Amino acid sequence: MTETASMPSTADLSHPHRPRSNHYDADWIVENQMGAHPLWLLEWLAPDLGLDTLRPGARVLDLGCGRALTSVFLAREYDVQVTAVDPLIAPDDNARRIADAGFADRVQPVHACARDLPFSEGSFDAIVSVDAFQNFGADDLYLPTLTRLLKPGGRIGVVVPALREELPGAEPPAHLAGNWRPAYWAYHSPAWWRRNWERTGAVVVESARWQEEGWRDWLRWSEVFAATCERARETAELLRADEGRALGFAGVVGRRP
């Protein structure tokens, strides 16, 4: 999705199963969004990742943080120190947003590419990536390089747009053919992600699961922007045509041995 000159109406964006996210200003989230609702996704992932079990001040890498909404959420909700990494958003821009939220002392913005991270081995207690890992993390060689940044026993957790099941052949599902974009071939099933991670030996996969009703959240969020953003309108049309048969979100969590 892209920003538009006229901000869409936020209406009521509370979520019955995301109580932590409901405490955040909807206009702030809408103004700084770069895709699906990042806090809904992170809050859904948090129990699998064990964020509540991290000690105060634990170090967390937020990889592909966008405009640092998830980074502020991590610092506020879990009392951790966050390194907020993104290659597209200027660190000064994120620094202003983080300071305005009151977390300049707990969130450090870093401008870096996911494949060239300037951190030493064992730097982090946890790694989080929300709606970004599909863009750089599917390479068989990437996960071992990334998880070296974790302390032994540390966890990595990602939420990615996904397929319920892998698609056979080289054609999209017939009911989505008119709305399909080449970028959707980067979406994979929870089972695919589990195998991709397990065969590296870099982590013990603790969960790889489909987000039930995730497509409905994605659709609801896209409809907020549908009147003012062409990409959101296309996404909403795609999700309405699919009705959860193929598209949604998956969460994957692994632990460094």
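Predicted, not measured: the structure shown is a model, and the values here were computed from it. (Residues numbered from 1 in each chain as written. Predicted model: local features only at pLDDT ≥ 70, side-chain atom pairs only at ≥ 80, totals over all residues. Heavy atoms only, no water.)

Asks: Looking at this structure, I do not really get the overall build of the protein. What am I missing?
Replies: A tally of regular secondary structure across the protein gives eight helices and seven strands. The C-alpha atoms of the protein give a radius of gyration of 18 Å, which matches the 18 Å a tight globule of 257 residues would have. Counting only C-alpha atoms, the protein reaches 45 × 45 × 30 Å along its principal axes. Here the protein holds 257 residues, and the buried ones make up 54% of them. A separation threshold of at least 6 residues defines the contact pool for the protein, and within that pool the share at least 24 residues apart is 75%. Total accessible area on the protein is roughly 11400 Å²; 48% of this is exposed by carbon and sulfur atoms. On the protein, the mean spot of the 27 positive side-chain charges and the mean spot of the 36 negative ones are 4 Å from each other. (Helix = DSSP H or I, 4+ residues; strand = E, 2+ residues; numbered from the N terminus. Rg over C-alpha atoms; globule rule 2.2 N^0.38 Å. Buried < 20%, exposed > 50% of the residue type's maximum accessible area, 1.4 Å probe, protein only. Contact = heavy atoms within 4.5 Å. Areas by Shrake-Rupley, 256 points an atom, 1.4 Å probe, with all protein chains shown as cover. Lys, Arg positive; Asp, Glu negative; His and termini not counted. Charge placed at Lys NZ, Arg CZ, Asp CG, Glu CD.)

Asks: Is there a simple way to explain the packing of aromatic side chains in this structure?
Replies: All told, the structure shown has 16 aromatic pairs when counted by the stated rule. Seen in terms of ring centroids, Y184 and Y187 are 5.4 Å apart; in terms of plane orientation they differ by 35 degrees. Their pairing is tilted. A single burial state applies to Y184 and to Y187, both of which are buried. Here the aromatic cluster, defined as three or more aromatic residues joined through ring pairs, consists of F133, F136, Y142, W192, W193 and W197. Of note, R76 hangs over the ring of Y24, and the distance from its end group to the ring centre comes to 4.7 Å. (Phe/Tyr/Trp six-rings, centres within 6.5 Å; stacked < 30°, edge-to-face > 60°. Lys NZ or Arg CZ within 6 Å of the ring centre and 35° of its normal.)

Asks: Where do I start with unusual backbone geometry in this structure?
Replies: Positive phi outside glycine occurs at A68, with the angle close to 70 degrees. Mapped onto the elements, A68 comes out in the loop between β1 (59-63) and α3 (69-78). With relative accessibility at 1%, the residue A68 sits in the buried group. In this structure, E243 takes a positive phi of about 55 degrees despite not being glycine. For E243, the location among the structural elements is in the loop between α8 (230-242) and β7 (247-255). Classification of E243 as exposed rests on a relative accessible area of 54%.

Asks: Even after reading the chapter, I still don't get the layout of surface pockets, so can you show me in this structure?
Replies: Any space left empty among the atoms is revealed by the rolling of a water-sized probe across them. By volume, the largest pocket amounts to about 870 Å³. Lining the largest pocket are 38 residues, and of these M34, G35, D131, Q134 and N135 lie nearest its centre. Contributing elements (two or more residues each) for the lining of the largest pocket: α2 (38-49), α3, β2 (81-86) and α8. Here the lining of the largest pocket is built from residues that sort into 24 nonpolar, ten polar and four charged. (1 Å grid on protein atoms, 1.4 Å probe; cavity = no way out; pocket = protein on both sides within 12 Å on 5 of 7 lines; lining within 4 Å. Points joined across faces, edges and corners; volume = space filled by probe spheres on them. Nonpolar A, V, L, I, M, F, W, Y, C, P; charged D, E, K, R; others polar.)

Asks: What is the right way to look at the packing of helix α7 (residues 214-225) against α8 in this model?
Replies: In a packed pair of helices, the relevant descriptors are the angle between the two axes and the axis-to-axis distance. Their axes nearest at 8 Å, the elements α7 and α8 cross at an angle of 145 degrees. α8 is crossed by α7, and the crossing has left-handed handedness. Facing W215, W218, L219, S222, E223 and F225 of α7, the residues of α8 in contact are A232, T235, A236, L239 and R240. Its residues assigned to classes, the contact of α7 with α8 shows seven nonpolar, two polar and two charged. (Axes fitted to C-alpha atoms, helices over the stretch in contact; angles between N-to-C directions. Left-handed = near helix turned anticlockwise from the far one by under 90°.)

Asks: Even after reading the chapter, I still don't get the pattern of salt bridges, so can you show me in this structure?
Replies: Note on pairing: side chains with opposite charge can pair once their charged atoms come close. Taken as a whole and judged by the stated rule, the model has 17 salt bridges. The salt bridge involving R76 is made with E77; its shortest N-O contact spans 3.9 Å. (Salt bridge = Lys/Arg side-chain N within 4 Å of Asp/Glu carboxyl O.)

Asks: Before we go on, may I ask you to explain the packing of α2 against α3 in this structure?
Replies: Two elements in contact, α2 and α3, have axes whose closest approach is 9 Å; the angle formed by their N-to-C orientations is 45 degrees. It follows from the interaxial angle that α2 and α3 lie oblique. Note on packing geometry: the crossing formed by α2 with α3 is right-handed. Taking contact as the criterion, the partners of P38, L39, L42, E43 and A46 in α2 are, on α3, L69, T70, F73, L74 and Y78. A per-class count over the contact of α2 with α3 returns eight nonpolar, one polar and one charged. (Parallel < 35°, antiparallel > 145°, perpendicular 65-115°, else oblique.)

Asks: I'm lost on empty space enclosed by the protein in this one. Help?
Replies: Inspection of the entire model under this criterion finds two cavities of 30 Å³ or more. Volume-wise, the largest cavity comes out at about 60 Å³. If you trace the largest cavity, you find it lined by R18, A36, H37, W40, L41, Q211, G214, D217, W218, W221 and F249. Considering each element in turn, the lining of the largest cavity owes the most residues, four residues, to α7.

The values are spatial; any link to function lies outside them.
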